[in-house]
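One-letter residues, chain by chain:
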Amino acid sequence: MIEIAAAGIVEGDPGDPDQFRVLVARRRPTAPRGGLWEFPGGKLERGESAATAAVRESREELGCEVEIIAPLPVSEDRDERA
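Residues numbered from 1 in each chain as written. Predicted model: local features only at pLDDT ≥ 70, side-chain atom pairs only at ≥ 80, totals over all residues. Heavy atoms only, no water.

A. Representation of the pattern of salt bridges within the structure. What the rule picks out here adds up to seven salt bridges. The partner of Glu45 in a salt bridge is Arg56, with the nearest N and O atoms 3.6 Å apart. A residue pair is termed long-range when its members are at least 10 positions apart, and Glu45 in the loop between β6 (41-43) and α1 (50-62) and Arg56 in helix α1 qualify at 11 residues. Two residues, Arg59 and Glu65, come together in a salt bridge whose shortest N-O distance is 2.8 Å. Exposure remark for Glu65: the relative accessible area of 58% places this residue in the exposed category. When salt bridges with common partners are traced through the structure, they connect Glu45, Glu48, Arg56, Glu57 and Glu60 into a single cluster. (Salt bridge = Lys/Arg side-chain N within 4 Å of Asp/Glu carboxyl O. Helix = DSSP H or I, 4+ residues; strand = E, 2+ residues; numbered from the N terminus. Buried < 20%, exposed > 50% of the residue type's maximum accessible area, 1.4 Å probe, protein only.)

B. The arrangement of the environment of Arg26 in detail. Tracing the backbone through its elements, the reader meets Arg26 in strand β4 (residues 25-26). Under the relative-accessibility criterion, Arg26 is labelled exposed at 52%. Separated by 40 residues in the primary sequence, Arg26 and Val66 place their C-alpha atoms 19 Å from one another. Ignoring sequence-local partners within four residues, the contact set of Arg26 consists of Gly35, Leu36 and Trp37. A polar contact is formed between the side chain of Arg26 and the backbone oxygen of Gly35, at a distance of 3.3 Å. (Contact = heavy atoms within 4.5 Å. Polar contact = N/O pair within 3.5 Å; in protein donor to acceptor, adjacent residues only side chain to side chain.)

Next comes the structure, spelled out in structure tokens:
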């Protein structure tokens with residue numbers, strides 16, 4: 001099993017749609033599931049928490065610093081191609 005973390009990055013006031021944004025990234029066309037949208041994230045490194053991985057991956061992939069406000073629920077998925 002591979003553990004991954006994803007960051008749901010939001011900005012603004014959720015009560016005001018004009019002042020609220022959610023950050024997602026589009027996968028490279030040549031990547032598996034190319035062209036689909038996803039939250040930034042990636043594999044956990046040995047001994048790393050999901051929160052730490054989400055912060056690290058956001059920095060590595062997007063060059064932005066994020067703060068964990070609240071963890072999202074855990075989800076499990078099987079990639080049948082593996």
